[in-house]
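# Chains, contacts and geometry: an overview
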Amino acid sequence: MMQTILGLVRTKIFLAILGTVCSSFFLSSAFAADSKDSSNEYVAIVGNKKITLKEFNQRYNEVLNKTINPPTKELFLEDLVRYEVGVQEAEKRHLESDPQVKEMLRQDIYKGLLEKELGEKVNKIKVTEEEMKAYYQKYPELRTSHILIEFKPDANEEQKRDARKRAEDIFKEVRGSKRSFEELVALYTDDILSKKNGGDIGWQSNVTLVPSYYDAALSMKLGDVRGLVTTQYGYHIIKLTGRHSYADADKRKIQATVFDQKRKIIFDDYFAKLKKNYSIKENKSVLK
């Protein structure tokens with residue numbers, strides 16, 4: 001049934017497009033009757049905008065190069081028509097003066113600057129196997145279980161002290177108890193998500209873990225239990241249960257992380273130079 005509905009919708013779109021193209025064909029004599037260059041022929045006229053065949057082909061070829069499953073030319077034409085209708089309607093309503101739209105435009109301009117200035121450099125970034133191995137040697141994937149003694153983001157000092165006292169008492173029991181770590185997790189942890197898995201949070205990296213948590217786990221030996229590790233979520237008692245070798249690690253994630261590091265260097269260097277051209281005053285004291 002769903003395929004039938006989609007088929008009908010696409011048929012209607014195709015007929016609508018066909019009608020537009022046919023009517024445009026008869027109107028074309030008013031715009032390019034003497035033109036011998038077919039690239040100047042138009043595929044649609046939307047209000048005051050003529051979409052030429054040349055423009056259409058350029059945009060469509062861009063989509064073909066970037067998309068695994070590109071739309072048909074007819075559906076892509078419908079997208080172009082909707083785009084022009086939308087832009088002209090926005091201009092008619094003077095949306096460029098709307099504060100929210102202004103901010104969106106600023107963001108697009110910022111992205112455009114980065115693409116124009118840094119896009120080519122970023123596209124040339126290469127990540128070698130040696131670089132991935134060197135990075136992974138410093139930051140391997142770790143598997144841990146934990147007991148979380150939580151305090152709320154807006155907790156005051158007294159509430160944090162109470163949570164720490166509770167965490168210290170639990171840690172003493174963990175170190176002296178004959179019960180398994182998993183049993184103690186079931187008794188004490190405030191992390192509802194990992195509680196059903198014995199505190200296990202799976203394989204993680206320095207990108208996916210809070211730095212203080214990852215650094216503590218990184219310095220541990222398999223089977224070690226350590227506490228108390230403080231994060232913005234509360235106090236953790238951590239048990240290291242696994243350390244992936246490079247052969248077992250997720251290579252795509254490693255490659256992506258090394259790529260991001262190289263990209264960050266490009267961005268940092270660009271803005272370090274660009275900021276010298278502007279007067280900048282920061283008042284970080286208000287952030288505390």
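Please read all numbers here as calculations on a predicted model, not as lab measurements.

Right, let's get into the confidence of the model for the protein chain. Chain-level statistics for the protein chain give a pLDDT mean of 87 and a share of 86% at 70 or above. Every residue in residues 1-36 is under pLDDT 50, and counting partners more than four places away or in other chains gives 21 contacts.

Moving on, we come to the pattern of salt bridges. Counting across every chain of the model gives 17 salt bridges. A salt bridge links Asp-200 to Arg-143; the shortest N-O distance between them is 2.7 Å. Here Asp-200, found in strand β4 (residues 200-204), pairs with Arg-143, found in strand β3 (residues 142-150); they are 57 residues apart in sequence, far enough to count as distant. The exposure class assigned to Asp-200 is buried, which follows from its relative accessible area of 18%. Between Lys-152 and Glu-150 there is a salt bridge whose closest N-O contact spans 3.7 Å. For Glu-150, a relative accessible area of 37% corresponds to the partly exposed category.

To continue, consider the pairing of strand β6 (residues 234-243). On a regular strand, one side chain projects to one face of the sheet and the next to the other, so that they alternate. Most of β6 is tucked away, with seven of its 10 residues classed as buried. The sheet contact formed by β3 and β6 spans nine bridges and is antiparallel. Bridge pairing in β6 links Ile-147 to Ile-237. Bridge count between strand β5 (residues 225-231) and β6: five bridges; the pairing is antiparallel. Bridged to Thr-230 within β6 is Tyr-235. The hairpin formed by β5 and β6 contains two residues between the paired strands.

Conventions we followed
- Residues numbered from 1 in each chain as written.
- Predicted model: local features only at pLDDT ≥ 70, side-chain atom pairs only at ≥ 80, totals over all residues.
- Heavy atoms only, no water.
- pLDDT = per-residue confidence, 0-100.
- Contact = heavy atoms within 4.5 Å.
- Salt bridge = Lys/Arg side-chain N within 4 Å of Asp/Glu carboxyl O.
- Helix = DSSP H or I, 4+ residues; strand = E, 2+ residues; numbered from the N terminus.
- Buried < 20%, exposed > 50% of the residue type's maximum accessible area, 1.4 Å probe, protein only.
- Pairing = 2+ DSSP bridges.

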